[in-house]
Amino acid sequence: MIAIMSIICFFGYGATLSSIGLFLEPIRAELELSMGRVSLVGSGFMAAGCAASVGTGWLIDRYGARRLIAVGAFLSGAGLVLAAQAHGIALVFTGFFLAGIGMTASTYVPCMALLSRRVDEGLGVAVGIILAAAAAGSALIPMLLVNLVPLYGWRSILVGTGLAVIAFSVPAALALKNGPRIPADTSSDGRIVSARQMRSSRLFRPNLMRIYLLQFVFTVGYMGLYLHLMPLLEERGFAPAAVGALFGAMNLISALGLLATGWAADRFGARNILLLSLALNGGSIFLLLGTTPLPSSAIIISLFIAIWGATQGAVTQLSPLLLAQAAQAEDIGTASGIMGIAQGSAGAVGPLLIGTLHDITNGYRVGIIVAGSLAFVSILCLANAQVRRRALD
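Computed from a predicted model, the values in this text were never measured in an experiment.

Calculation notes
- Residues numbered from 1 in each chain as written.
- Predicted model: local features only at pLDDT ≥ 70, side-chain atom pairs only at ≥ 80, totals over all residues.
- Heavy atoms only, no water.
- Helix = DSSP H or I, 4+ residues; strand = E, 2+ residues; numbered from the N terminus.
- Buried < 20%, exposed > 50% of the residue type's maximum accessible area, 1.4 Å probe, protein only.
- Contact = heavy atoms within 4.5 Å.
- Areas by Shrake-Rupley, 256 points an atom, 1.4 Å probe, with all protein chains shown as cover.
- Axes fitted to C-alpha atoms, helices over the stretch in contact; angles between N-to-C directions.
- Parallel < 35°, antiparallel > 145°, perpendicular 65-115°, else oblique.
- Nonpolar A, V, L, I, M, F, W, Y, C, P; charged D, E, K, R; others polar.
- Core = buried A, V, L, I, M, F, W, Y, C linked by side-chain atoms within 4.5 Å.
- Expected span 1.5 Å × (residues − 1).
- Arc of directions from axis to C-beta.
- Disulfide = S-S within 2.5 Å.
- Bend = angle between axes of the 7 residues up to and from the residue.
- Salt bridge = Lys/Arg side-chain N within 4 Å of Asp/Glu carboxyl O.
- Polar contact = N/O pair within 3.5 Å; in protein donor to acceptor, adjacent residues only side chain to side chain.
- pLDDT = per-residue confidence, 0-100.

Considering the overall build of the protein
Here is step 1: Regarding its fold elements, the protein presents 16 helices and zero strands.
Here is step 2: Expressed as a percentage of the 393 residues in the protein, the buried residues total 55%.
Here is step 3: Partitioning the contacts of the protein with sequence separation of at least 6, the portion at a separation of at least 24 is 83%.
Here is step 4: For the protein, the accessible surface area stands at approximately 16,000 Å², while carbon and sulfur atoms represent 68% of it.

Structure representation (structure tokens):
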């Protein structure tokens, strides 16, 4: 199961979210769009993921994850193929919007919900392995595509990428087995009680609300910085080739960091490791304030890449563990969907926030300060949370 989910997330993240940026410039140039208009593609992708999270958790709770993941993987690939046929921004937006829905329906939310129901001991390592595969895809697939686009054109590469997602991820999803069926909520005399009566109060208990808020606050700063990191470094004087190499190294370090974080969380507690990761992540962002072109800032940029790369996935990785501790088994799918809404909406807000601050201040300095500060604010969301390990069904 873990190997299958790793394959799905390798292609699901690497071929969509992590590769959007490298298609924007050739699309903008060919379709004669402004950077502002073509940037809507990224925001639309994230907004689609947010919208899909609304129904994803509910569907998992009632029908299982296997078919949902297969349909989502197909939509991801089909959306990329559709975008390749565009001769205007509308069809590009629509294609990536479908891909965003598909990515959400086939990767993080359903995989974490299924893991939370089927894995008890070693859940942190299991999540770490799957997200490490996603990080590896995020490093390797863009590095491959960035060299292929100039040779074959963005349309051909989008089609090939979409077909590869369908060919690898859909059969893998169909090989999964659903988690145990969750019985309907019943009252003491056996009568079925409405979902509103039994579940709404559980889904929005204080501890769960803190997890949702943590996901939102951190992701605003993280996604804002992540999607602006390449232009930020180029603006600081780094050559494009150096930026690509640094970005690839960061994602590979992230894969190792996810494995280490999972191991540590299983031994020292997810909450403790997450608090430490947030502090390290926030501190590393402020290192960017001192960056200058290589080689003069080699030590500073190396520290940033190592620390931020190793901790950037901690919230995504450890939030499901906290969720599994705080939510009842029958609520995990829906709670994961709510957490996905928080993550998706923050992902749509973050890049626009950092980009707007850049335009207002004519630079990234304020955006760096905001992103770093949000990582530290995230610590406050978790500071008073009370979680304890429970047996999973």
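So, the packing of helix α7 (residues 123–152) against helix α8 (residues 154–174)
Here is step 1: For the pair α7 and α8, interaxial distance at closest approach is 7 Å and the crossing angle is 130°. In terms of their interaxial angle, α7 and α8 are classed as oblique. Within the contact between the two elements, α7 uses Leu-145, Leu-148, Val-149 and Tyr-152 and α8 uses Trp-154, Ser-156, Ile-157 and Thr-161.
Here is step 2: Tallied by class, residues from the contact of α7 with α8 come to six nonpolar, two polar and no charged.

Description of the nonpolar core
Considering soluble globular proteins, one finds that nonpolar side chains tend to be buried as a cluster.
Here is step 1: Phe-23, Ile-27, Phe-96, Leu-274 and Trp-308 are the most contacted members of the largest nonpolar core, which has 116 residues in total.
Here is step 2: The greatest single-element share of this core, amounting to 14 residues, is contributed by helix α10 (residues 206–235).
Here is step 3: When sequence neighbours within four positions are dropped, the list of residues in contact with Phe-23 reads Leu-145, Val-149, Trp-154, Ile-157 and Leu-158.

A look at helix α12 (residues 270–285)
Here is step 1: Taking 1.5 Å per residue as the helical rise, α12 with its 16 residues ought to reach 22 Å, and the 22 Å between its terminal C-alpha atoms agrees with that figure.
Here is step 2: For α12, the complete set of buried residues consists of Ala-270, Ile-273, Leu-274, Ser-277, Leu-278, Asn-281, Gly-282, Ser-284 and Ile-285. The arc enclosing the buried residues of α12, seen along the axis, measures out at 160°, which places them on a common side.

Topic: the state of the cysteines
Here is step 1: Applying the stated criterion to the full structure yields zero disulfides.
Here is step 2: Looking at the unpaired Cys-9, the closest cysteine sulfur is the one in Cys-111, lying at 4.2 Å.
Here is step 3: The buried category is assigned to Cys-9, whose relative accessible area is 1%.

Digging into α10
Here is step 1: In this model, α10 (30 residues) spans 42 Å end to end at C-alpha, consistent with the 44 Å of a helix rising 1.5 Å per residue.
Here is step 2: Remark: the principal bend of α10, roughly 55°, maps to Leu-229, with a proline, Pro-231, within the next four residues.
Here is step 3: Phi turns positive, to about 105°, at Gly-237, one or two residues after α10.

Quick look at the pattern of salt bridges
Here is step 1: One pass over the structure, following the stated rule, counts one salt bridge.
Here is step 2: Two residues, Glu-30 and Arg-155, come together in a salt bridge whose shortest N-O distance is 2.8 Å. Of the two residues, Glu-30 is situated in helix α2 (residues 20–31) and Arg-155 in helix α8; the sequence distance between them amounts to 125 residues.
Here is step 3: Since its relative accessible area comes to 43%, Glu-30 is described here as partly exposed.
Here is step 4: On the accessibility criterion, Arg-155 (19% relative accessible area) is buried.

Structural notes on the side chain of Ser-378
Here is step 1: Tracing the backbone through its elements, the reader meets Ser-378 in helix α16 (residues 365–383).
Here is step 2: Assessed through its relative accessible area of 0%, Ser-378 is described here as buried.
Here is step 3: Looking at Ser-378, its side chain comes within polar contact range of the main-chain oxygen of Leu-374, at 2.8 Å.
Here is step 4: Apart from the residues within four sequence positions on either side, Ser-378 is in contact with Leu-214, Val-217, Phe-218 and Leu-278.

Focus: the side chain of Ser-319
Here is step 1: Relative to the assigned elements, Ser-319 resides in helix α14 (residues 314–326).
Here is step 2: Setting aside chain neighbours within four positions, we find Ser-319 in contact with Tyr-108, Ile-211, Leu-214, Gln-215, Ala-314 and Met-339.

Here's the deal with the confidence of the model for the protein
Here is step 1: Of all residues in the protein, 87% have pLDDT values of 70 or greater, and the mean over the chain is 82.
Here is step 2: Helix α9 (residues 195–203) is the least confidently modelled element of the protein, averaging 59 in pLDDT, while α8 averages 94, the highest of any element.
Here is step 3: Low pLDDT, under 50, characterises residues 181–195; the predicted model gives this stretch 19 contacts beyond four residues in sequence or across chains.
Here is step 4: Predicted confidence for residues 389–393 stays below pLDDT 50, and this span has 17 contacts to residues more than four positions away or in other chains.

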